[in-house]
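Structure assessment
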Amino acid sequence: MVSLSEVAAHNASLKGLGAGLVGVFVGGTSGIGESTARAFVKHTAAPKVYLIGRDETKASSIIGEFSKLNPEGQVRFIKSDVSLLRNVDSVCDQIKSQEDKINLLFLSSGVLKTGGRDETAEGLDKKFSLHYFSRQRFTMNLLPLLSRASGVNNQPARVISVLGAGHEARLNAPDDLDLAKPGNYTMRSVAVHSTTMTSLAVEALAAQNPDVAFIHDSPGVVRTALDREMTWWGKAGTAVLFILAKPWMVPVEESGERHLYLGTSPRFPAKSGKGGQENVQPAVGSDGITGSGAYIVSADQSPTGNKKVLDEYRKAGMPAKVWDRTVEVMEKATGKVGA
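Residues numbered from 1 in each chain as written. Predicted model: local features only at pLDDT ≥ 70, side-chain atom pairs only at ≥ 80, totals over all residues. Heavy atoms only, no water.

Counting its secondary structure elements, the chain contains 10 helices and seven strands. Its C-alpha atoms give the chain a radius of gyration of 19 Å, near enough to 20 Å, the size a compact globule of 339 residues would have. With the C-alpha coordinates aligned to their principal axes, the bounding extent of the chain is approximately 55 × 45 × 45 Å. Pairs at least 24 apart in sequence give 76% of the contacts found in the chain among residues at least 6 apart. Carbon and sulfur atoms form 54% of the exposed surface of the chain, whose accessible area is close to 13,900 Å². For the chain, the distance from the average position of its 39 positive side-chain charges to the average position of its 35 negative side-chain charges is 1 Å. (Helix = DSSP H or I, 4+ residues; strand = E, 2+ residues; numbered from the N terminus. Rg over C-alpha atoms; globule rule 2.2 N^0.38 Å. Contact = heavy atoms within 4.5 Å. Areas by Shrake-Rupley, 256 points an atom, 1.4 Å probe, with all protein chains shown as cover. Lys, Arg positive; Asp, Glu negative; His and termini not counted. Charge placed at Lys NZ, Arg CZ, Asp CG, Glu CD.)

On to the pairing of strand E2 (residues 48-53), then. Along a regular strand, successive side chains alternate from one face of the sheet to the other. Across the six residues of E2, five count as buried, placing the element largely inside the fold. Judged from the five bridges that link them, strand E1 (residues 22-26) and E2 form a sheet pairing that is parallel. By the bridge assignment, valine 24 is partnered in E2 with tyrosine 50. Once the chain exits E1 it traverses helix H2 (residues 31-43) before rejoining the sheet at E2, and the crossover so formed is right-handed. Here E2 pairs with strand E3 (residues 74-79) via six bridges, running parallel. When the bridges of E3 are listed, tyrosine 50 appears paired with arginine 76. Handedness of the β-α-β unit built from E2, helix H3 (residues 56-69) and E3 comes out right-handed. (Buried < 20%, exposed > 50% of the residue type's maximum accessible area, 1.4 Å probe, protein only. Pairing = 2+ DSSP bridges. Right-handed = clockwise from strand over helix to strand, strands pointing away.)

So, on to empty space enclosed by the protein. As enumerated under the stated definition, the model contains two cavities of 30 Å³ or more in all. Estimates place the volume of the largest cavity at around 60 Å³. Leu107, Gln136, Thr139, Val159, Ser161, Val202, Leu205, Phe214 and Ile215 are the residues that line the largest cavity. Only helix H5 (126-149), strand E5 (158-162), helix H6 (187-208) and strand E6 (213-217) provide two or more residues apiece to the lining of the largest cavity. Here the residues of the lining of the largest cavity are counted per class, giving six nonpolar, three polar and no charged. (1 Å grid on protein atoms, 1.4 Å probe; cavity = no way out; pocket = protein on both sides within 12 Å on 5 of 7 lines; lining within 4 Å. Points joined across faces, edges and corners; volume = space filled by probe spheres on them. Nonpolar A, V, L, I, M, F, W, Y, C, P; charged D, E, K, R; others polar.)

With that out of the way, let us pick up the layout of surface pockets. Roughly 230 Å³ of volume is contained in the second largest pocket. Going through the elements one at a time, helix H1 (4-12) and helix H8 (252-264) are the ones with two or more residues in the lining of the second largest pocket. Residue composition of the lining of the second largest pocket, grouped by class: five nonpolar, eight polar and two charged.

What follows covers the pattern of salt bridges. In a structure, side chains of opposite charge can pair up when their charged atoms sit close to one another. By the definition in use, this model includes 19 salt bridges. Notably, a salt bridge pairs arginine 258 with glutamate 254, separated by 3.0 Å at the nearest N-O pair. In this pair, arginine 258 and glutamate 254 both sit in helix H8, four residues apart, roughly one turn of the helix. Residue glutamate 254 is classed as partly exposed on the basis of its relative accessible area of 23%. Taken together, the shared-partner salt bridges connect Glu34, Arg38, Lys58 and Glu65 into one network. (Salt bridge = Lys/Arg side-chain N within 4 Å of Asp/Glu carboxyl O.)

As a further point, take the nonpolar core. With 58 residues, the main nonpolar core has Ile52, Ile95, Leu105 and Phe138 as its most contacted residues. With 11 residues, the top contributor of residues to this core is H5. Once you skip the residues sitting within four places of it in the chain, leucine 105 turns out to touch Val24, Val26, Phe138, Thr139, Leu142, Leu146, Arg158, Val159 and Ile160. Counting residues in hydrophobic clusters, the runner-up holds 33 residues, among them Ile32, Ala37, Ala59 and Phe106. (Core = buried A, V, L, I, M, F, W, Y, C linked by side-chain atoms within 4.5 Å.)

Keep in mind these numbers describe shape, not what the thing actually does.
Structure (structure tokens):
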């Protein structure tokens, strides 16, 4: 467990990394994405921030607040529905035209919804796309910029996907990872597949990209606006659950500070060791290896993960299989390998 005082002390030291850290926050106009972007702006020197979302009015308000919080920072909003992978490609093209490196790619886009499969124009379920495929598309497209940031003045090069770390389970349809076959799609199956596939994907990505660290984390119980697309009775049920979970809730501001720690602490270096410091003990990676470059962590930044299930899938070579299938699905949806 990482104490809140340790988080605060680390974040207060971030200006020592130098000016110009670049953060991309997908889902950055609400909830955990917004609070983490706010912490990034507050604690770093002359940062450059990209907020990706759909609410232009909310984004304008956030940018005004961030400008007062750190007048030396630069904040840009890119409006996009990132449930469509072609839109993800367009956003990434815009970022790559402006930047030559990225220090933190923070992925928290998502939605709580009930009901059956809701296909996008690309043939993917909207929830599954937001929670998994869209995030992986951002990661794949922006890896060159992340790699260029690696190890520069001890600065991080890190990808964080905020989802359900620790809640991995056996895949409902291991031969149909994208749940495209009739009868395989349910709310439970999409939750299991997106969570478990994310944990397996971070391992595959870390093995292929040793200069970048990949993290799948669980934020704990944080009150956000993820239920915005639910029915009225679904929202009512969610409200009741939040009331019952109040003793265990993590305030959204604290969540932002903790995620900034996760995104910048030298305890979570890349596999190559870059982005860490010699006098800081690296965290144990998702496969139990210290400094493996792949981390599955809980809301207090402790290692987590369903070891029984993940070990079973590691022995079966599932991390590579999951990533290969992910690339195939993304290529089919967009007609190209990447942006």
